[in-house]
Amino acid sequence: MTESSTNVAASLPETLVLWDVDHTLIENGGVSKATYASAFELLTGRPPEVRPQTDGRTDFQIMRELLAANSVDVEGYTSISQFEGPLIKAMERNAPDLPRLGYILPGVVAALTSLSAVPAVVQSVLTGNIAPNALSKLAPFHLDKWVDLDVGGYGSDDVVRSNLVGAARGKVQRKYDRTFDESSTVLIGDTLLDIKAAHDGGAKVIAVATGIYGMEELTAAGADAVLEDLSDLGRFLAALHYVRTGYASV
């Protein structure tokens, strides 16, 4: 990290940074879709004919939509707890493929390590994955050591992604006795639903065009800042500083 980047990171005020996982920190190489398909098979005894839609959704939404798309009555599925066992078992089955099929996205390690050195920053994740499966995705790439997974917002906390912002802030309050509000919480994600979660949940948002949405779409959706990716650490830190403070970094 350059001296300029170090200075920008060090100048950040108290900030809670919540990272999306898939297509923001890592590419999962199809392991996510395979995991949902495996969970479907564990629930129903047959493989799905229609594949899951995943981007920006919580695990509960993904599984309900997957069941419905494959002509399964979903009326009896009302809680994420009904899916957790199959999802965990399915991830255990598929996670060994992650190091071979997936990879860390450009600039992620530098971004995580630079923020981990700043005492004013707490960083964790905000993801539709249930908590055990989020860890299963990050651990093969050793990214879990840079984020405090105890205080993340997960699909196991709520079925609505927007509510995960408050879930994460509540955990931070209980663990660290630190309070973060709309101005001091920053989500980083790649989908329109990440942006919506920030808007509805009360947070700022930096969008990265490393998923299926381009920079124009992410800008039009109302992201506070949009980056092509995280490969330029200085640009990322400058964007974070601006989104957090409203001022350009010096």
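To be clear, the structure that these remarks concern was listed above.
So, a few notes on the structure that sits alongside this text. Just so it is clear, the model here is predicted, and its values are computed rather than measured. (Residues numbered from 1 in each chain as written. Predicted model: local features only at pLDDT ≥ 70, side-chain atom pairs only at ≥ 80, totals over all residues. Heavy atoms only, no water.)

### With respect to unusual backbone geometry
Here is step 1: Within the chain, His142 stands out as a residue other than glycine whose phi angle is a positive 60 degrees.
Here is step 2: The residue His142 is located in the loop between α7 (131-138) and α8 (163-176) in this model.
Here is step 3: The residue Asp177 is not glycine, and still its phi comes out positive at about 55 degrees.
Here is step 4: Considering the arrangement of structural elements, one finds Asp177 in the loop between α8 and β5 (185-189).
Here is step 5: Classification of Asp177 as exposed rests on a relative accessible area of 61%. (Helix = DSSP H or I, 4+ residues; strand = E, 2+ residues; numbered from the N terminus. Buried < 20%, exposed > 50% of the residue type's maximum accessible area, 1.4 Å probe, protein only.)

### What about helix α3 (residues 59-69)?
Here is step 1: Of the residues making up α3, those classed as buried are Asp59, Phe60, Ile62, Met63, Leu66 and Leu67. One side of α3 carries all its buried residues, which in axial view fall inside an arc of 165 degrees.
Here is step 2: Contacts from the buried residues of α3 go to α2 (31-44) and α4 (81-94).
Here is step 3: Of the residues one or two after α3, Ser71 is the one with positive phi, at around 65 degrees. (Arc of directions from axis to C-beta. Contact = heavy atoms within 4.5 Å.)

### A closer look at the pairing of strand β4 (residues 121-125)
Working note: regular strand, side chains alternate between the two faces of the sheet.
Here is step 1: Of all 5 residues in β4, 5 are buried, a share of seventy percent or more.
Here is step 2: In this structure, strand β1 (residues 15-19) lies alongside β4, joined through 5 bridges in parallel fashion. When the sheet's bridge partners are listed, Val17 is paired in β4 with Gln123. (Pairing = 2+ DSSP bridges.)

### Quick notes on helix α9 (residues 192-201)
Here is step 1: Among the residues of α9, those classed as buried are Asp194, Ile195, Ala197, Ala198 and Gly201. When α9 is viewed along its axis, its buried side chains cluster within an angular range of 160 degrees and face the same direction.
Here is step 2: The backbone nitrogen of Leu193 has a side-chain oxygen 3.2 Å away, supplied by the residue at the start of α9, namely Thr191. (Polar contact = N/O pair within 3.5 Å; in protein donor to acceptor, adjacent residues only side chain to side chain.)

### What about the nonpolar core?
Here is step 1: By size, the foremost hydrophobic cluster in this structure holds 41 residues, and its most contacted members are Trp19, Leu115, Ile206 and Phe236.
Here is step 2: Ranked by the residues each element gives to this core, the list is headed by helix α11 (residues 233-245), at 6 residues.
Here is step 3: Of all hydrophobic cores here, the second largest spans 21 residues; its members include Leu18, Leu164, Phe180 and Ala207. (Core = buried A, V, L, I, M, F, W, Y, C linked by side-chain atoms within 4.5 Å.)

### As for the pattern of salt bridges
If charged atoms from side chains of opposite charge come close, those side chains can pair.
Here is step 1: Across all of its chains, the model carries 10 salt bridges by this definition.
Here is step 2: A salt bridge links Arg161 to Asp20; the shortest N-O distance between them is 3.0 Å. Taken together, the positions of Arg161 in the loop between α7 and α8 and Asp20 in the loop between β1 and β2 (26-27) put the pair 141 residues apart, joining distant regions of the chain.
Here is step 3: For Arg161, a relative accessible area of 6% puts it in the buried group.
Here is step 4: Asp150 is the partner of Lys175 in a salt bridge, and the nearest nitrogen-oxygen pair spans 2.9 Å. Separated by 25 residues along the polypeptide, Lys175 in helix α8 and Asp150 in the loop between α7 and α8 bring together distant segments of the chain.
Here is step 5: Under the relative-accessibility criterion, Asp150 is labelled exposed at 54%.
Here is step 6: Through salt bridges with shared partners, a single network forms among Asp20, Arg161 and Asp194. (Salt bridge = Lys/Arg side-chain N within 4 Å of Asp/Glu carboxyl O.)

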